[in-house]
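Structure assessment
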Amino acid sequence: MKARERLIVALDVSTLEQARSLVAELHDLADMFKVGLELFCSHGPRAVETVLEQGGRVFLDLKYHDIPNTVAGAARAAVRMGVSMFNLHIAGGAEMMMAALEAALQEAGSDVVPRILGVTVLTSLGAGQLRDELGLVRPPAEQVVFWAKQARDCGLSGVVASPQEILSIRQHCGNGFLIVTPGIRPAGSATDDQKRISTPGAALHAGADYLVVGRPITRASEPRQAALAIIEEMEAASL
Ligand code: C5P
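Here the residue numbering is sequential within each chain, running from 1 through the sequence in written order. For this predicted model, a pLDDT threshold of at least 70 governs which residues receive local features, and a threshold of 80 or more governs which side-chain atom pairs are given and counted, while totals over whole chains, interfaces and linings are taken from all residues. To obtain the side-chain values, all non-hydrogen atoms of the structure were used and water was disregarded.

This brings us to the overall build of the chain. Secondary structure counts use DSSP, requiring at least four H or I residues in a row for a helix and at least two E residues in a row for a strand, with both numbered from the N terminus. A tally of helices and strands in the chain yields eleven helices and eight strands. Based on C-alpha atoms, the radius of gyration is set beside the globule rule, defined as 2.2 Å times the residue count to the power 0.38. The globule rule puts the C-alpha radius of gyration for 239 residues at 18 Å, and the 17 Å found for the chain is close to it. Oriented by its inertia axes, the alpha-carbon framework of the chain measures out at about 45 × 35 × 35 Å. Buried residues are those whose accessible area, probed at 1.4 Å on protein chains only, stays under 20% of the maximum for their type, while exposed residues exceed 50% and partly exposed ones sit between those limits. Looking at the 239 residues of the chain, the share that counts as buried comes to 48%. Carbon and sulfur atoms make up 51% of the accessible area of the chain, which amounts to about 11000 Å² in all. Per-residue accessibility takes into account occlusion by the displayed protein chains alone, with areas from the Shrake-Rupley method and a 1.4 Å probe.

What follows is the structure, given as C-alpha cells:
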C-alpha cells in the first residue's frame, strides 16, 4: 500500500465549510478522512456526504456502544451512508460486535462491507482510573490485548490503538488484523493534548496499517505542505 493510502486525516472541525475546504485541499494526499463526534453531531450524514462528494473515503468514528439491536441498526446506517470504516467499543461485548458485523454484511449485500474496528481502552484513561473507576483489574496494556483478541475472535477487521500498543497487538493478533493509530506527531511538532505519541515512521515500523493525523495537518498554516512532509516520512519508513 502507498503511504498516502495509509493516511487518515481527522476532520475535527465544527462546520461543513471547514470540512469541505480541508477535503478539497487534501483529497489527493490522503485516501480517507475521519468524521468524528463533533462534526457528525453538528451536521449528521451531511458531513459524510461532504467527504464522499469530493472523492474522499470516510472513517466514521462514532465509537458505538449500546445493546446489540441498537448497534446493529447503527451499523446498517453506516453502510447506507457509504463509509469505508466505522468503529465500536469492544467493551460492548461479543454479542454486540457480532450483531454489528452481521448487520453490516447483510446491509452491504454484494457491495464492499465497511471495515469495523474495535476501540479498546481509551488512551485518556490511566491505570488508576481503569482499576478504581471501571473496576478493570488488568494493567491497561494487558486489557488492550485482551480486548483486541476478543475483537479478532468476533470477526472485526482490526482495532484503534495508541502507538505504544501496536507491537503487542500485532504479536497477539497476527498480520491480517488492522491497526489504526492516532497520536501521531512528526518529529519536532507540537504534542497538543496527546501524551503517548509516535512519529509517523516509528508507528509504521511498529506495524500500524493506518495513521490518523489531525492537528499537525489541519491546524498547520499550510495543510498540504504538512501532509506532504508526513507522507515523505511514511515513505522513508516503508523503504
Ligand atoms: O489532532 P490529533 O492528531 O491529535 O487527532 C487525533 C484524532 O484521533 C482525534 O480525532 C482524536 O479524537 C482521535 N483519537 C485519539 N486517540 C484515541 C482515539 C482517537 O487521538 N485513542
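On to the site of the ligand, then. Any residue with a heavy atom lying within 4 Å of a molecule or strand is counted as near it. Every residue close to the ligand is listed here: Ala10, Asp12, Lys34, Thr123, Pro182, Arg185, Gln194, Val212, Val213, Gly214, Arg215 and Pro216. The separation between an oxygen atom of the ligand and a polar main-chain atom of glycine 214 is 2.7 Å. Broken down by secondary-structure element, the contributors of at least two residues to the shell around the ligand are strand 8 (210–213) and helix 10 (215–218). Residue type decides the class: Asp, Glu, Lys and Arg count as charged, Ala, Val, Leu, Ile, Met, Phe, Trp, Tyr, Cys and Pro as nonpolar, and the leftover types, Gly among them, as polar. Across the shell around the ligand, the residue classes tally to five nonpolar, three polar and four charged. As used in this structure description, the phrase polar contact means that two N or O atoms lie within 3.5 Å; if the pair is within protein, one of them must be able to donate a hydrogen and the other to accept it, and residues adjacent in sequence are counted only when both atoms belong to side chains.

Moving on, we get to the pairing of strand 7 (residues 178–181). Each regular strand carries side chains that alternate between the two faces of the sheet. Neither face of strand 7 is open: one carries Leu178 and Val180, the other Ile179 and Thr181, and all of them are buried. Only when DSSP finds a minimum of two bridges between them are two strands counted as paired. When strand 6 (residues 158–160) meets strand 7, the two strands line up parallel, connected through three bridges. Along strand 7, the bridge assignment pairs valine 160 with valine 180. Here is how to tell: hold the view so the strands point away, follow the path from the first strand over the helix to the second, and if it runs clockwise the crossover is right-handed. Viewed along the sheet, the connection from strand 6 through helix 8 (residues 166–173) into strand 7 turns out right-handed. Direction of pairing for strand 7 relative to strand 8: parallel, over a ladder of two bridges.

Only Phe, Tyr and Trp rings are paired, with Trp represented by its six-membered ring, and only when their centres lie within 6.5 Å; those with planes under 30 degrees apart are stacked, over 60 edge-to-face, the remainder tilted. The final tally for this structure, using the stated rule, is one aromatic pair. Ring geometry for tyrosine 64 against phenylalanine 86: centres 5.5 Å apart, planes inclined by 40°, an arrangement best described as tilted. You can see tyrosine 64 sitting in strand 3 (residues 57–64) and its partner phenylalanine 86 sitting in strand 4 (residues 85–89), a full 22 residues away along the chain. Exposure remark for tyrosine 64: the relative accessible area of 11% places this residue in the buried category. For phenylalanine 86, a relative accessible area of 0% corresponds to the buried category. Definition used: whenever NZ (Lys) or CZ (Arg) falls within 6 Å of the ring centre and also within 35 degrees of the ring normal, the charge is taken to sit over that ring. If you follow arginine 138 out to its NZ or CZ, it ends over the ring of phenylalanine 146, 3.7 Å from the centre.

Quick look at the side chain of serine 84 now. Position of serine 84 relative to the elements: it lies in the loop between helix 4 (68–81) and strand 4. When its relative accessible area of 17% is taken as the criterion, serine 84 is described as buried. A polar atom in the side chain of serine 84 sits 3.4 Å from the side chain of arginine 57. In this view, serine 84 contacts Met32, Arg57, Val58, Pro114 and Arg115; residues no more than four positions away in its chain are not counted. Any two residues whose heavy atoms approach within 4.5 Å are treated as being in contact.

In this section: the pairing of strand 5 (residues 115–119). Summarising burial for strand 5: four of the five residues are buried, a large majority. As paired elements, strand 5 and strand 6 share three bridges and run parallel to each other. In the sheet register, glycine 118 faces strand 6, and the bridge partner there is valine 159.

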